[in-house]
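Letter by letter, the chains look like this.
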Amino acid sequence: MSATELVKQVAALPPQERTLFDHLLQAMQNGARTAEKATRKEWPEFGQRLHNIYGDKVAPDSQKTIDEARGER
């Protein structure tokens, strides 16, 4: 397959598939080893964010509140 044929086929793809192709192509150029690594999104570290906001604070008597909500008195 020539480069021209490939470009024509990529141009004929639906937008969502074309975007995926672009991501995979960029990943190949950047040296990603698998398609999974190319398409996987980085999730924020929620635990670290909460720790940064609240520190090591614990609500007073939080275990009692949890037990009451579960019906364990």
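Residues numbered from 1 in each chain as written. Predicted model: local features only at pLDDT ≥ 70, side-chain atom pairs only at ≥ 80, totals over all residues. Heavy atoms only, no water.

Caption draft 1: Main features of the overall build of the protein. Tallying secondary structure elements over the protein gives five helices and zero strands in all. Overall, the protein shows an N-to-C arrangement of helices and strands of α-α-α-α-α. By the burial criterion, 4% of the 73 residues in the protein qualify as buried. Accessible surface, the protein as shown: approximately 7100 Å² in total, 54% of it carbon and sulfur. (Helix = DSSP H or I, 4+ residues; strand = E, 2+ residues; numbered from the N terminus. Buried < 20%, exposed > 50% of the residue type's maximum accessible area, 1.4 Å probe, protein only. Areas by Shrake-Rupley, 256 points an atom, 1.4 Å probe, with all protein chains shown as cover.)

Caption draft 2: Quick look at a nonpolar patch on the surface. Taken together, the side chains of Leu-50, Ile-53 and Tyr-54 define a hydrophobic patch exposed on the protein surface, amounting to about 330 Å² of accessible area. Topologically, Ile-53 is positioned in helix α4 (residues 46-54). (Patch = residues over 30% accessible without salt bridge, like charges linked within 9 Å, V, L, I, M, F, W, Y side chains within 5 Å. Salt bridge = Lys/Arg side-chain N within 4 Å of Asp/Glu carboxyl O.)

Caption draft 3: Spotlight on the confidence of the model for the protein. Residues at a pLDDT of 70 or more form 85% of the protein, whose mean pLDDT is 80. Mean pLDDT per element in the protein: helix α3 (residues 35-39) is the minimum at 58, and helix α1 (residues 3-11) is the maximum at 88. (pLDDT = per-residue confidence, 0-100.)

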